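Notes for the structure review
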Amino acid sequence: MTFRGFPAVIGLLAVMLAGPVQAQFMALPLDPRFTREPAIDRDLIERPIMEPYRWPPGDGRPIRCSIRREVVADYLPGFSNRRFEEPVAPLREYELGFERVGDPATSDRIEAFMRFRFERLSDGKPLHVERPLVDFDGGNGMTSDWPATPIDTEGFSGARIAVNDMQEAEFQRFFGKIAAKLSVAMTLPERGEDRVYWLAFDVSTLERMQAHTVVRKKLADCMCAFGNDDISRALREYCGQE
């Protein structure tokens, strides 16, 4: 497995700095849903990230490495003082990460994924998510179209892509941001509406910044354990690659 258009390896820590993008790549044109912010931009209260999700737990070869968060409150756009919560179909939970698919004993295929669980309050049923797209910050978005996924048994839907179909720089950006801050646009076809959410690990204080660093390191440890050469090389500063 090799990253698409594999460029020269770029230092991961530089990629994840909060300043200007260090890893340059040709992103897809910015989706028009992002240009409608703040008209459809929503605010969330989320439960804190305590630990990256790793399955199975322990130090063995994992199947999944991700950040999974519950949403306490999903606020309507345009109300910065958090006065009005979504009255029909709030976002309840989301997960962003990487998963080994195929035969657990032999597969080396890794997919990146994002999935979201919306709940229709009238009957508790999940709502389908279409065309979720990431804009990391400042118009530096994804380089690939991610195939959509249907609603699963937990009520999540979203999109996923094989890691080898991503450019390495996009892989690094996605990894570096899923525990920090990224903007996701999506469409709820049953509601006939678009939404944009900022999914953000709050790093406004030194203590929280340190917590973010720990979470990111644990997520990287999980991914290094995949035993995938390309991932280990891309995360070489975590995985002990020279």
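Residues numbered from 1 in each chain as written. Predicted model: local features only at pLDDT ≥ 70, side-chain atom pairs only at ≥ 80, totals over all residues. Heavy atoms only, no water.

1. Description of the overall build of the protein chain
Across its full length, the protein chain carries six helices and 11 strands. Out of the 242 residues in the protein chain, the part that is buried amounts to 50%. Residue pairs in contact within the protein chain that sit at least 24 positions apart in sequence constitute 69% of those at least 6 positions apart. Carbon together with sulfur atoms contributes 53% to the accessible area of the protein chain, which is approximately 11,400 Å² in total. (Helix = DSSP H or I, 4+ residues; strand = E, 2+ residues; numbered from the N terminus. Buried < 20%, exposed > 50% of the residue type's maximum accessible area, 1.4 Å probe, protein only. Contact = heavy atoms within 4.5 Å. Areas by Shrake-Rupley, 256 points an atom, 1.4 Å probe, with all protein chains shown as cover.)

2. Brief notes about the pairing of strand 10 (residues 181-188)
Most of strand 10 sits inside the fold, with seven of its eight residues counted as buried. Judged from the four bridges that link them, strand 7 (residues 130-135) and strand 10 form a sheet pairing that is antiparallel. Within the sheet, the bridge partner assigned to Leu133 lies in strand 10 and is Ala185. Across eight bridges, the pairing between strand 10 and strand 11 (residues 193-200) is antiparallel. Its bridge partner being in strand 11, Thr187 is matched across the sheet by Asp194. With antiparallel pairing between neighbouring strands as the criterion, strand 10 and strand 11 make up a hairpin whose turn holds four residues, including Gly192 at a positive phi of roughly 65 degrees. (Pairing = 2+ DSSP bridges.)

3. Overview of the side chain of Arg100
Tracing the backbone through its elements, the reader meets Arg100 in strand 4 (residues 91-101). The side chain of Arg100 is buried and forms no salt bridge, while Asp108, the nearest opposite charge, is found at 6.7 Å. Of note is the side chain of Arg100, whose polar atom sits 2.8 Å from the backbone oxygen of Pro62. Look past the residues within four positions of Arg100 in its chain and what remains in contact with it is Arg61, Pro62, Ile63, Ala105, Ser107, Arg109, Ile110 and Phe226. (Lys, Arg positive; Asp, Glu negative; His and termini not counted. Salt bridge = Lys/Arg side-chain N within 4 Å of Asp/Glu carboxyl O. Polar contact = N/O pair within 3.5 Å; in protein donor to acceptor, adjacent residues only side chain to side chain.)

4. Concerning the confidence of the model for the protein chain
Per-residue confidence for the protein chain gives a mean pLDDT of 84, with 86% of residues at or over 70. Ignoring residues within four places in sequence, the model shows residues 6-23, a span with pLDDT below 50, making 36 contacts including any to other chains. (pLDDT = per-residue confidence, 0-100.)

5. With respect to the state of the cysteines
Using the criterion set out here, one finds two disulfides in the structure. Going through the protein chain in sequence order and numbering each bonded cysteine, the pairs you get are 1-2, 3-4. (Disulfide = S-S within 2.5 Å.)

6. Here's the deal with unusual backbone geometry
For the bond from Trp55 to Pro56, the omega torsion is -10 degrees, close enough to zero to count as cis. Residue placement: Pro56 occurs in the loop between strand 2 (53-55) and strand 3 (64-75). A positive phi angle, close to 50 degrees, is found at Arg131, a residue other than glycine. Examined against the element boundaries, Arg131 turns out to sit in strand 7. Residue Arg131 is classed as partly exposed on the basis of its relative accessible area of 45%.

7. Quick notes on the pattern of salt bridges
In total, this model carries 30 salt bridges according to the counting rule given. The salt bridge partner of Arg42 is Asp74, with a shortest N-O separation of 3.2 Å. Of the two residues, Arg42 is situated in strand 1 (residues 41-46) and Asp74 in strand 3; the sequence distance between them amounts to 32 residues. Summarising the burial analysis for this pair, Arg42 and Asp74 share the class buried.

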